[in-house]
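Single-letter residue listing:
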Amino acid sequence: MSAISTPASLSRKTLRSEPGALSNVIRFLRRNPLVVLGLAIFIAWVIISIGAPWVAPYDPLKQNIALRLQPPSAEHWFGTDQLGRDVFSRVLWGGRLSLPAGILVILIAGVIGTVIGALAGFIGGWLDEGAMRVTEVFMAFPTIILAMAIAAALGPSLINAVAAMVVVWWPNYARVVRSLVIGVKTQEYVEAARAIGVPQQRVLWRTVLPNCLAPAVVLATIDLGNAILVFAGLSFLGLGADPTTPEWGRMVSDGIQYFDQWWIAAFAGLAIFTVVMAFNFIGDGIRDALDPRLRKNI
Amino acid sequence: MPIYRYILRRLALLIPLLIGVTLLAFIISNAVPADPVTANLGQKAMSDPKIVAAFRAEWGLDRPPAEQYLVYLQNLLSGDLGRSIKSRRAVAEDLASYLPATIELATTAILFGVTVGVALGLLSALRRNTWIDHTARVISLFGVSTPVFWLALVALYIFYARLGWVAGPGRLDAGMTPPPHVTGLYTVDSLLAGDWRTFSNAASHLILPALVLASYTTGLITRVTRSSMLEVLGMDFIRTARAKGLADNKIVVRHALRNALIPLITVIGFSYGNLLAGTVLTEAIFAWPGIGQYAYRASTSLDFPAIMGVSLLIALIFILINLIVDVLYFVVDPRLRAT
């Protein structure tokens, strides 16, 4: 778990708002053009998603059977689907679901995992043992199978897909935060806080946890692409958004029945690909920066 | 600690973990709003309270959940995984018939992933910051960023529908009979039977889903090989080996690669487990009758004995692969044997 102990050094440099932090960030970005590219793609998608109602040339839900299954043309850049809906508009609107869904999963799972992991690591004893055994059980399940089982049991809907993913995702964060808390809680400044009589709770939430958060946030960034992939996978299986909703995974599955009309699935898949790729660029850059061993050699 | 005692201890720890897995699967399939009755009975049968009551009694749904769970555990002790509501066959029998297809697919994928991933990763690390490195990194980034279900569709469209280079969905062409059952892997069984026609057909069906499934793993193994080789190559003993005047390929293979093996073994083991369990999407598109399809059908029809059976099987595979990985550490790294 060496990757977890190193982030502290970087976080102190780049993530805190000390004087010079901004110039550090700028230096980091300058050295990592791929991170800049990733950020640019991500920001572009955020803008597209927010602006979709104004940018999209057509209503993503409007059906026009007369114009169904049209190949890409000047009027319909990405063609039309089996109900005559404009694929380009649907792809633009798709970001409004997939991006927030992925972020929401990571956010909720991150908070739940952090609280459980922090308590387990800080209090220790049977609570720690119990919490860790529970996370092991969750992690013995492969992500997609567990998420699929829960989503199916809850019934297919957007919210349920997010809920299912949260259930699958929190143990990662619980384990990471726990190991960070255990590392930090024996530090001298924590002992000092105790010695001057700061109550336990305050020590945990105000002294220990803030010093563990940066690495967890880094992990979350790297994880986002993955969450978006799994969410799209669930939608693809019909366990996410309902069929009319413009959602990327769902649109790819629409394309299966209309195999020769490749454009129905192709562009939605490309959209997922660009977003996940962007997060991988960003994550890669951060990982390289965190691991100084990779920088010096040969 | 002698290695067999370590293995025995790990196997003993397996039992509470597996019980936990059954409990979690049970909770998922019971403590939810959905009702297996509505998922499995038709409209007409639903309106007849007698049929509904009989259905509940048949599957033990009329008993309190705690009792249902204890009965399940009791049966499990005698090796009985229960009966699937959907297929009406023993779950163990179902699993045995679906598992070989997935093993065939995942094993082909991991073999490809390891061969190509290690080769690309090595090249990338040895030729750092050259065009070879950049190409390998782009390929691996593509691999880990592409949604597998989309790649599957694109690959089918290009290589099956347009070019006709490979066979389409399914394990064999319609009308072909599977080879006599030995392992359940069609490619292996047809070879054993000396049946070339079946072999080439099965291989033609297998190659595309296996490559698609391997995309993520290949990317991951490339990345891990590259980064762990870079790390090892920067160490002092490599400089010493160079200073001694050892040949470059000897340094790479005997010194560097051996030391880069630990993270590599971890990721290969982890990937194989994920491939075996993560075939749901690939199997759905290629109509591949494997464990992923079975799990999907079990989940959507709330066939809880089947869900529990699949979960147990997959968790067991996961845990055993982890154990093998840990034991391999001992084999690869003599320092661990000393402690």
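Nothing here was measured: the structure is a model prediction, and the numbers come from that model.

(A) Focus on the overall build of chain B. The secondary structure content of chain B amounts to 16 helices and zero strands. For chain B, the spread of C-alpha atoms along the three principal axes comes to 85 × 55 × 40 Å. A buried classification covers 49% of the 339 residues belonging to chain B. Intrachain contacts of chain B at a sequence separation of at least 6 include 72% that bridge at least 24 residues. For chain B, the accessible area works out to roughly 16,300 Å², and carbon and sulfur atoms hold 66% of it. Charged side chains of chain B number 28 positive and 20 negative; the gap between the two group centres comes to 10 Å.

(B) Quick peek at the overall build of chain A. Along its length, chain A carries 14 helices and zero strands. In chain A, the succession of helices and strands from N to C terminus is α-α-α-α-α-α-α-α-α-α-α-α-α-α. Based on the C-alpha atoms only, the size of chain A along its principal axes is roughly 75 × 45 × 40 Å. Considering chain A as a whole, with its 298 residues, one finds that 52% of them fall into the buried category. Sequence-distant contacts in chain A: of pairs separated by 6 or more residues, those separated by 24 or more amount to 70%. Accessible surface for chain A amounts to roughly 13,500 Å². Of this, 66% is attributable to carbon and sulfur atoms.

(C) Seen up close, the packing of aromatic side chains. Counting across every chain of the model gives 15 aromatic pairs over all chains. Pairing Phe42 of chain A with Phe279 of chain A gives two aromatic rings, centres 5.1 Å apart and planes at 55 degrees, and the pair type is tilted. With Phe42 of chain A in helix α4 (residues 33-55) and Phe279 of chain A in helix α13 (residues 263-290), this residue pair connects regions lying 237 residues apart in the sequence. A ring pair is formed by Trp196 of chain B and Phe199 of chain B, whose centres lie 5.7 Å apart and whose planes are at 85 degrees; its orientation type is edge-to-face. You can see Trp196 of chain B and its partner Phe199 of chain B sitting in helix α10 (residues 196-233), three residues apart, about one turn around the helix. What makes Trp196 of chain B exposed here is its relative accessible area of 61%. The structure contains a cluster of three or more aromatic residues connected by ring pairs, namely Trp77, Phe78, Phe88, Trp262, Trp263 and Phe267 of chain A. Across the ring face of Trp93 of chain A, the terminal group of Arg96 of chain A is positioned such that the distance to the ring centre comes to 4.9 Å. Between Arg171 of chain B and the ring centre of Tyr186 of chain B, over which it is positioned, the NZ or CZ distance is 3.7 Å.

(D) Quick look at the interface of chain B and chain A. Counting residues at the interface gives 48 residues for chain B, matched by 47 residues for chain A. Here chain B is connected to chain A by zero salt bridges. Counting across the chain B and chain A interface gives four residue pairs in polar contact (both at pLDDT 80 or more). Of all the secondary-structure elements, those providing two or more residues to the side of chain B that touches chain A are α1 (3-30), α7 (131-145), α8 (148-162), α10, α13 (280-286), α14 (291-300) and α15 (304-332) of chain B. Its residues assigned to classes, the side of chain B that touches chain A comprises 34 nonpolar, nine polar and five charged.

(E) Just the pattern of salt bridges, in detail. In this structure the tally under the stated criterion is 11 salt bridges over all chains. For the salt bridge of Asp94 of chain B with Arg89 of chain B, the shortest nitrogen-to-oxygen distance reads 2.8 Å. Relative accessible area serves as the criterion here: at 33%, Arg89 of chain B is assigned to the partly exposed category. Through salt bridges that share partners, Glu129, Arg133, Glu136 and Arg175 of chain A make up one connected network.

(F) Representation of the packing of helix α6 (residues 91-126) of chain B against α15 of chain B within the structure. All names here are of chain B. Contact geometry of α6 with α15 gives a least axis separation of 10 Å together with a crossing angle of 55 degrees. Here α6 is positioned oblique relative to α15, judged by the angle of their axes. For α6 against α15, the interelement crossing comes out right-handed. Where α6 abuts α15, its residues Val91, Leu95 and Leu99 lie against Pro305, Ala306, Gly309, Val310, Leu313 and Ile317. Partitioning the contact of α6 with α15 into residue classes produces eight nonpolar, one polar and no charged.

(G) Geometry of a nonpolar patch on the surface. All names here are of chain B. Taken together, the side chains of Ile3, Tyr4, Leu8, Leu11, Leu316 and Leu320 define a hydrophobic patch exposed on the protein surface, amounting to about 520 Å² of accessible area. Elements represented by at least two residues in the nonpolar patch include exactly α1 and α15. Of all the elements, α1 adds the most residues to the nonpolar patch, at four residues. The topology assignment puts Tyr4 in helix α1.

(H) Here's a closer look at the environment of Gly290 of chain B. Residue and element names in this part refer to chain B. Relative to the helices and strands, Gly290 resides in the loop between α13 and α14. Separated by 270 residues in sequence, Gly290 and Gly20 place their C-alpha atoms 25 Å apart. Those residues in contact with Gly290, other than ones at most four positions away along the chain, are Tyr98, Ala101, Thr102 and Glu283.

(I) Examining the confidence of the model for chain B more closely. Per-residue confidence for chain B gives a mean pLDDT of 85, with 95% of residues at or over 70. Interface predicted TM-score (ipTM) for the complex: 0.83; the corresponding pTM is 0.85.

(J) Fine view of the nonpolar core. Counting 133 residues, the largest nonpolar core has Trp169 and Trp248 of chain A together with Phe149 of chain B as its most contacted members. Here this core takes 17 residues from α13 of chain A, the largest share from any one element. Among residues more than four places away in sequence, those in contact with Trp169 of chain A are Val105, Ile106, Ala109, Thr143, Asp223, Asn226, Ala227 and Val230 of chain A. Membership of the second largest hydrophobic core comes to 18 residues, among which are Leu220, Ile251, Ala260 and Leu264 of chain B.

(K) Summary view of the side chain of Arg171 of chain B. Residues and elements named next belong to chain B. Position of Arg171 among the secondary structure elements: in the loop between α8 and α9 (186-192). Within polar-contact distance, the side chain of Arg171 engages the side chain of Glu104 at 2.8 Å. Among the polar contacts listed, one links the side chain of Arg171 to the backbone oxygen of Gly184, at a separation of 3.0 Å. Residues contacting Arg171, with those up to four places away along its chain left out, are Pro100, Ala101, Glu104, Gly184, Leu185, Tyr186, Asn201, Ala202, His205, Trp288 and Pro289.

How each quantity is defined
- Residues numbered from 1 in each chain as written.
- Chains lettered and ligands numbered in written order.
- Predicted model: local features only at pLDDT ≥ 70, side-chain atom pairs only at ≥ 80, totals over all residues.
- Heavy atoms only, no water.
- Helix = DSSP H or I, 4+ residues; strand = E, 2+ residues; numbered from the N terminus.
- Buried < 20%, exposed > 50% of the residue type's maximum accessible area, 1.4 Å probe, protein only.
- Contact = heavy atoms within 4.5 Å.
- Areas by Shrake-Rupley, 256 points an atom, 1.4 Å probe, with all protein chains shown as cover.
- Lys, Arg positive; Asp, Glu negative; His and termini not counted.
- Charge placed at Lys NZ, Arg CZ, Asp CG, Glu CD.
- Phe/Tyr/Trp six-rings, centres within 6.5 Å; stacked < 30°, edge-to-face > 60°.
- Lys NZ or Arg CZ within 6 Å of the ring centre and 35° of its normal.
- Salt bridge = Lys/Arg side-chain N within 4 Å of Asp/Glu carboxyl O.
- Polar contact = N/O pair within 3.5 Å; in protein donor to acceptor, adjacent residues only side chain to side chain.
- Nonpolar A, V, L, I, M, F, W, Y, C, P; charged D, E, K, R; others polar.
- Axes fitted to C-alpha atoms, helices over the stretch in contact; angles between N-to-C directions.
- Parallel < 35°, antiparallel > 145°, perpendicular 65-115°, else oblique.
- Left-handed = near helix turned anticlockwise from the far one by under 90°.
- Patch = residues over 30% accessible without salt bridge, like charges linked within 9 Å, V, L, I, M, F, W, Y side chains within 5 Å.
- pLDDT = per-residue confidence, 0-100.
- Core = buried A, V, L, I, M, F, W, Y, C linked by side-chain atoms within 4.5 Å.

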